[in-house]
Amino acid sequence: MYKWFLAWRYLHTKLIALFGVASVTLCVAMVLVVLSVMGGFLDTVRSRSKGLHSQIVLDSGFLQGFPYYAEFGELVEEELPEVVKLTSPAIYSYGIFRVPATSYTKPARILGVRLDEYLQLNEMRKGLHYERYYPGTTHLGMQQMPVAGFDANGDMQLAQDLREANKKWRQDEKDVDSIANFDAEPFELSMYPKVVPTNVGSRAFALGPEEPGYIGREKHGVIVGCDLLNSRRSDGNFDRHLARGTDVAITLLPLTSRGNVTGEPPVRVPLRYADDSRTGIFEIDSMSVYVDFDFVQHKLGMDAQDLVDGGKSDARANQLLVGIHDGVDLDEAAAQIRELWAGFVETKLMDVSPTDRYPLTEVSVMTWEDMQRPLIAAVEKEKILVTFLFALISIVAIVLLGCIFFMIVEKKTRDIGIMKAIGASSRGVAGLFVAYAGAVGVTGSILGLFIGSLFVWNINDIQDFLANLNPQLRVWSPEIYSFDTIPEVVKKADAIWVAAIAVVSSIVGSLIPATLAGRVWPVQALRYE
C-alpha cells in the first residue's frame, strides 16, 4: 500500500515529475495525430477505391479486349444466382479529349460503360455533379444542348424537365445548408453559342435567344472527370468553364484483334458534355471520360465485324464487371467466379482462333482490392513508415524518463534508507519507483490522448488559422491533393494501444533506476549526504 501512496505523493508534490508527464503527453499526442491522419488517408483511399469499380472485375489487360464476355456474363448469373446480382461489360482505351470551340486539348482514358448498369455496380452516382442537382437527367444517349431562356413573365428559366428534376432534388435533400448554398450561388450562364460562362461558377448553362429548351444536333453524351475539364478552387470545389451540353470531341485509335493499328485514320467522335464525375482520386479524375459502351465499341471496331468468309467476328470488351449480393464473402465469390471462368475458357479454346486464344487465357479475375492494391499498398507503407519514424523519436521519452528517475533515486536515497530500515524489501522499494513511473505514464497518456484528439478534431480549423496568418503555412491544399480536407477521425483502437504502449514504455524507462534503488543498503543510505 505504501508504494502507491508514495508514488502518488511524489507525482503531485515533486516538480521534476511534471517533466516526465510532459514528455509522455507530447509523445502520445504526436503519435496519435500521425496515426489518425495517416489512418484517415488510408481509410479514405480504401473507401474511394472500393467505389471505383464493381466488387469483382474480369480484366484482359489488353487494349484489344477479349471475346465471349456477354456469354460468360449470362453463364455466371445463371450458375451463381445467390452470389452474382449483375454483370456489365466495359471498354477502356486511350485518346484525345478536345473542346473544339476553345481548342482545349488533353490526353484522356476513354471508358465505355452502360451507365444504368455501371451506376448499380459502384458509387459513381455520388460523384456526378449535375445528376445531384437535376436527378435523372444525366445519361450517355443522344441529347441536345440545354439552354436557359425567358418565360412568358420574363423570368429566366431552364427547360421544364430540368426544373422538375431540381424540384425533386429539393424535396429529397435533407441538408438545408446544401439547398441554401445552391440558391446562394449565381445562375451561371454561357451566352450561346459561346461556351465560356460570363461568371465562372459551380454550374453553367447556355442562354438561348428564345424560350428555355434544347437546341443543336443530337449527339451522344459524355461524362468527364472533374479535374480533366474544370478548375479546382482553394476550397476544393470546382469552377466549371463549359456550359452543360457543350460540343466536345474525343479522338480514338481503333485496334485489330491482334492489337495492331487498323491502318485507318484516327476516329474523331463528336459528343456533348453531359456531366462531370468526381471519384476523389486525382489520377482518375484528371484522365477519365465516360462514353456509352455500345457506341464506343462500334467506333473502336470491337463490335462483331463481318468476315471475308461470310461469318462474323466475336465482339470484344476489356472488362466484365461483376456485382455480388450483400453479405457474400468477396474472396470466396472471386474464387467461385475464377473457377467458373477457367472451365468456360477450357470449353472455348478448341473453337477459337489463335488470335483470340491468347487474350482469353490472360484474363484475370480480381477483386476491387486487387485492382487498387498498388495505390492502397503505397499509402499503407507511408503510414507504417511515418508512424515508425515518430515512434522512434518517442524513444527519447523513455531515455528522458530513465534520467528523471535516476535523479529522483539519487535525491531520495535517504528516504530509501529509512524505508528499508523499517522493513521495506528491495523488491518493494523497486516496485515503488515502477509504480511511480506507471502513474507518470497513465497521467501523461490521458493528457496526451486529450490533446492529440483535440488537435485532430480541429486540424482543419488550425490549418485555416495558420493560413490566415501566413498563406505559406498552409500545408494541405485541396487544389493539390485529391481530398478536400485533412481526415479528422480518431479511432478508439489507435488511442488505446498508443496509451498502453506509453504506459509500458514509462515503466521500462524506470526499470534501471528502480533496480538501483532496490539495491541500496540502509546504512549507506542513512549516511548519504
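So, here's what we can say about the structure.

The rules behind the values
Residues numbered from 1 in each chain as written. Predicted model: local features only at pLDDT ≥ 70, side-chain atom pairs only at ≥ 80, totals over all residues. Heavy atoms only, no water. Helix = DSSP H or I, 4+ residues; strand = E, 2+ residues; numbered from the N terminus. Buried < 20%, exposed > 50% of the residue type's maximum accessible area, 1.4 Å probe, protein only. Contact = heavy atoms within 4.5 Å. Areas by Shrake-Rupley, 256 points an atom, 1.4 Å probe, with all protein chains shown as cover. Axes fitted to C-alpha atoms, helices over the stretch in contact; angles between N-to-C directions. Left-handed = near helix turned anticlockwise from the far one by under 90°. Nonpolar A, V, L, I, M, F, W, Y, C, P; charged D, E, K, R; others polar. Core = buried A, V, L, I, M, F, W, Y, C linked by side-chain atoms within 4.5 Å. Domains from an automatic or database assignment. Pairing = 2+ DSSP bridges.

Some remarks on the overall build of the chain
- Secondary structure summary: the chain contains 19 helices and 17 strands in total.
- Across the 529 residues in the chain, those meeting the buried criterion constitute 49%.
- Here the contacts in the chain between residues at least 6 apart in sequence split such that 79% fall between residues at least 24 apart.
- A total accessible area of about 26,800 Å² is found for the chain, and carbon and sulfur atoms account for 59% of it.

Some details on the packing of helix H6 (residues 160–172) against helix H7 (residues 176–184)
- It is at 9 Å that the axes of H6 and H7 come closest, and there the two elements cross at 145°. The hand of the H6/H7 crossing is left-handed. Packed against H6, whose contacting residues are Asn166, Trp169 and Arg170, the element H7 presents Ser178, Ile179, Phe182 and Asp183 at the interface.
- Residues of the contact of H6 with H7, tallied by class, amount to three nonpolar, two polar and two charged.

A word on the nonpolar core
- In this structure, Phe97, Ile337 and Trp341 are the most contacted members of the largest nonpolar core, which totals 80 residues.
- A per-element tally of this core places helix H2 (residues 16–50) first, with eight residues.
- Residues from two domains meet in this core; each of domain 1 (2–48 + 375–527) and domain 2 (61–143 + 221–362) gives at least three.
- With 18 residues, the next largest nonpolar core counts Val57, Leu119, Leu121 and Ile284 among its residues.

Points about the environment of Thr25
- Relative to the helices and strands, Thr25 is located in helix H2.
- Looking at Thr25, the relative accessible area reads 7%, which means it is buried.
- Remark: the alpha-carbon pair of Thr25 and Gly452, spanning 427 residues in sequence, is separated by 8.9 Å.
- Excluding its chain neighbours within four sequence positions, the residues that come into contact with Thr25 are Gly444, Leu447, Gly448 and Ile451.

Here we look at the side chain of Thr367
- Turning to its location among the elements, Thr367 is positioned in strand S17 (residues 364–367).
- Other than its neighbours up to four places away in sequence, Thr367 contacts Gln55, Ile56, Leu330, Asp331 and Ala334.

Describing the pairing of strand S4 (residues 104–113)
- Of the pairings in the sheet, the one linking strand S3 (residues 84–99) to S4 comprises ten bridges and is antiparallel in character. By the bridge assignment for S4, Ile91 is matched with Gly112.
- If you look at the hairpin formed by S3 and S4, you'll find four residues sitting between the two strands, and Ser103 has a positive phi there, around 60°.
- Across five bridges, S4 lies against strand S14 (residues 288–292) in parallel orientation. Residue Ile110 lies in a different strand from S14, and its bridge partner there is Val289.

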